[in-house]
Amino acid sequence: MTDSASTMASSAPSAFAQPRVLIPLALLALYVIWGSTYLGIRFALESYPPFLLAGLRFLVASALLFGVLRLRGVPMPTRLQWRNAGITGILLLGFGNGLVCFAEQQVSSGIAAVAVASVPLFIALFSGLYGAWPTRSEAVGLAIGFFGVIILNLGSSLSGSRIGAIALLVASISWAFGSMWSKHQDMPAGPMNTAVQMFCASVALLLVGFGLGERLPQHPTLQASLALGYLIVFGSIIAFSAYLYVLKNARPALASSYAYVNPTVAVLFGVMIAGEHVGPYDLLGMAIILLSVIILTIFRLRRA
């Protein structure tokens, strides 16, 4: 009786740790957490300036992750890996996330997420720099997507804030180029790659923030501080870990599916929790962009 009970107890964790169980849980974390971080940024901006907010978020998250990895005996990256991860981190998290924080001072969290959904379109374009030019069918998906970007920029939310629209466009292009460039470089392995990218991006963001005259708040609101904590723990550590797990144990197309799920989640959170308004142009642009991303994913799977 005792032996059978111990056997069942020891088999339960192993059964729970199977990919067929953990992959859906990791995807759920990606969809909900990364979709909600846009609203978290909006709440944190109530007290924290945009570039210092992003810099502080990644500084604390990288310190926690780096400390855990070193305690587990993960080796330090080489000098070349530091350089490559640093450049990638500045492109993805410095420009990519920093400019999203900047733009969310002027546009809603949901619209920011919809604009960032255009990243796969730019990735498809930049892949041509390495010889993987889009096929004719993929070009149709790209054309549809960029038409959606135009519609989105004609909408009331982005048309009233050209600076915010430009910031989101640059953020998407930077994230896409950094993603493609990093695939062809010698990068640190696994979570150490994430830790180094976040640390290098945090240094750049803090320098930009202080250089622009931003200052950390002396008395931040409780909601803003809780939002910052949520971004650090859930957005930067848990969600990144979930993404790395899915990327390692599932098809790349499944791992990147967050790109067309997060905008819908972000819009729903913004409307239900923060009372954000989404106009007809915004909804139309979102639908067109998401349709194009799905078309691109289907044709890439067929070509693969």
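Analysis parameters
Residues numbered from 1 in each chain as written. Predicted model: local features only at pLDDT ≥ 70, side-chain atom pairs only at ≥ 80, totals over all residues. Heavy atoms only, no water. Helix = DSSP H or I, 4+ residues; strand = E, 2+ residues; numbered from the N terminus. Buried < 20%, exposed > 50% of the residue type's maximum accessible area, 1.4 Å probe, protein only. Contact = heavy atoms within 4.5 Å. Areas by Shrake-Rupley, 256 points an atom, 1.4 Å probe, with all protein chains shown as cover. Patch = residues over 30% accessible without salt bridge, like charges linked within 9 Å, V, L, I, M, F, W, Y side chains within 5 Å. Salt bridge = Lys/Arg side-chain N within 4 Å of Asp/Glu carboxyl O. pLDDT = per-residue confidence, 0-100. Lys, Arg positive; Asp, Glu negative; His and termini not counted. Polar contact = N/O pair within 3.5 Å; in protein donor to acceptor, adjacent residues only side chain to side chain. Core = buried A, V, L, I, M, F, W, Y, C linked by side-chain atoms within 4.5 Å.

What follows deals with the overall build of the chain. The number of helices and strands found in the chain is 14 helices and zero strands. When the helices and strands of the chain are read in sequence order from the N terminus, they spell out α-α-α-α-α-α-α-α-α-α-α-α-α-α. Looking at the chain as a whole, 49% of its 304 residues qualify as buried. The contacts in the chain between residues at least 6 apart in sequence include a share of 90% that link residues at least 24 apart. Entry remark: accessible area of the chain is about 14,700 Å², with carbon and sulfur atoms responsible for 70%.

On the surface, a nonpolar cluster with roughly 330 Å² of combined accessible area is contributed by Ile90, Phe95, Ile166 and Val170. Breaking the nonpolar patch down by element, the ones donating at least two residues are helix H4 (79–103) and helix H9 (162–182). Within the secondary structure, Ile90 is located in helix H4.

The share of residues in the chain with pLDDT of 70 or more is 86%, and the mean pLDDT across the chain is 82. Ignoring residues within four places in sequence, the model shows residues 1–13, a span with pLDDT below 50, making zero contacts including any to other chains.

Turning our eyes to something else, we now look at the side chain of Arg57. Mapping Arg57 onto the fold places it in helix H3 (residues 50–71). One buried charged residue, Arg57, remains without a salt bridge, the closest side chain of opposite sign being Glu104 at 8.4 Å. For Arg57, the side chain forms a polar contact with the main-chain oxygen of Leu231, separated by 3.5 Å. Arg57 has contacts with Thr37, Ile41, Asn97, Leu228, Leu231, Ile232, Gly235 and Ser236, leaving out every residue within four places of it along the chain.

With that settled, the discussion passes to the nonpolar core. General note: in soluble globular proteins, nonpolar side chains tend to be found buried as a group. Counting 62 residues, the largest nonpolar core has Tyr38, Ile41, Leu53, Leu93, Val100, Leu168 and Met198 as its most contacted members. Within the residue set of this core, elements represented by two or more residues are helix H2 (19–44), H3, H4, helix H5 (109–116), helix H6 (119–126), H9, helix H10 (191–211) and helix H11 (222–249). Top contributing element to this core by residue count: H2, with 12 residues. Sequence-distant contacts of Met198, that is, excluding residues within four places in its chain, are made with Phe58, Ala61, Ser62, Leu65, Leu93, Ser236 and Phe240. Grouped together as the second largest cluster of nonpolar side chains are 13 residues, Ala117, Leu142, Met286 and Val293 included.

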